[in-house]
Amino acid sequence: MTENLPSCPECSSAYTYEMGALLICPECGHEWTPASAEPAGDTEGGVIRDSVGNVLADGDTVTVVKSLKVKGSPTGIKAGTKVRNIRLVDGVDGHDIDCKIDGFGSMQLKSSVVKKV
């Protein structure tokens, strides 16, 4: 085995192997094609973009672009809600913004549901 295979994009395991056209991680069971692993590298470089493509940074103010359901809240977060002083984090399941929202408290949001002001 002289070829260097990329590490798993899910768990960063170095023990990936090829099976046909797929790359497989034995530790987490994730399967992907080598072509699909390249666009994911853009987010690892530290660039997080909002729903319209603007680059986000710590301390930015964003607006929620669609209504979001919040567990335990009858109303949820309405579209147009401003969120000030965001922090960019490496969150779970695509939630890459850590923030405090008035009336809801601390929570994490996906960058795909916000727009930079």
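Our subject is the structure listed above.
Residues numbered from 1 in each chain as written. Predicted model: local features only at pLDDT ≥ 70, side-chain atom pairs only at ≥ 80, totals over all residues. Heavy atoms only, no water.

Here's the deal with the nonpolar core
Within the largest apolar cluster, 16 residues are counted, with the highest numbers of intra-cluster contacts made by Val83, Cys99 and Leu109. Looking at this core, the elements with two or more residues in it are β4 (62-64), β7 (95-101) and β8 (105-110). Element by element, the count of residues in this core is highest for β7, at three residues. Here Val83 is in contact with Asp60, Thr61, Val62, Val64, Cys99, Lys100, Ile101 and Leu109, once residues within four sequence places are set aside. (Core = buried A, V, L, I, M, F, W, Y, C linked by side-chain atoms within 4.5 Å. Buried < 20%, exposed > 50% of the residue type's maximum accessible area, 1.4 Å probe, protein only. Helix = DSSP H or I, 4+ residues; strand = E, 2+ residues; numbered from the N terminus. Contact = heavy atoms within 4.5 Å.)

Considerations on the environment of Thr33
Within the element layout of this structure, Thr33 appears in the loop between β3 (31-32) and α1 (34-44). The exposure class of Thr33 is partly exposed, given its relative accessible area of 33%. Among residues more than four places away in sequence, those in contact with Thr33 are Ala21 and Leu22.

A short note on the pattern of salt bridges
Counting across every chain of the model gives two salt bridges. Linking Asp60 and Lys116 is a salt bridge whose minimum nitrogen-to-oxygen distance equals 3.5 Å. Of this pair, Asp60 sits in the loop between α1 and β4 while Lys116 is found in strand β9 (residues 114-116), placing the two residues 56 residues apart along the sequence. Note on Lys116: relative accessible area 30%, which makes it partly exposed. Arg87 is paired through a salt bridge with Asp98; the nearest N and O atoms lie 2.9 Å apart. A residue pair is termed long-range when its members are at least 10 positions apart, and Arg87 in strand β6 (residues 87-88) and Asp98 in strand β7 qualify at eleven residues. (Salt bridge = Lys/Arg side-chain N within 4 Å of Asp/Glu carboxyl O.)

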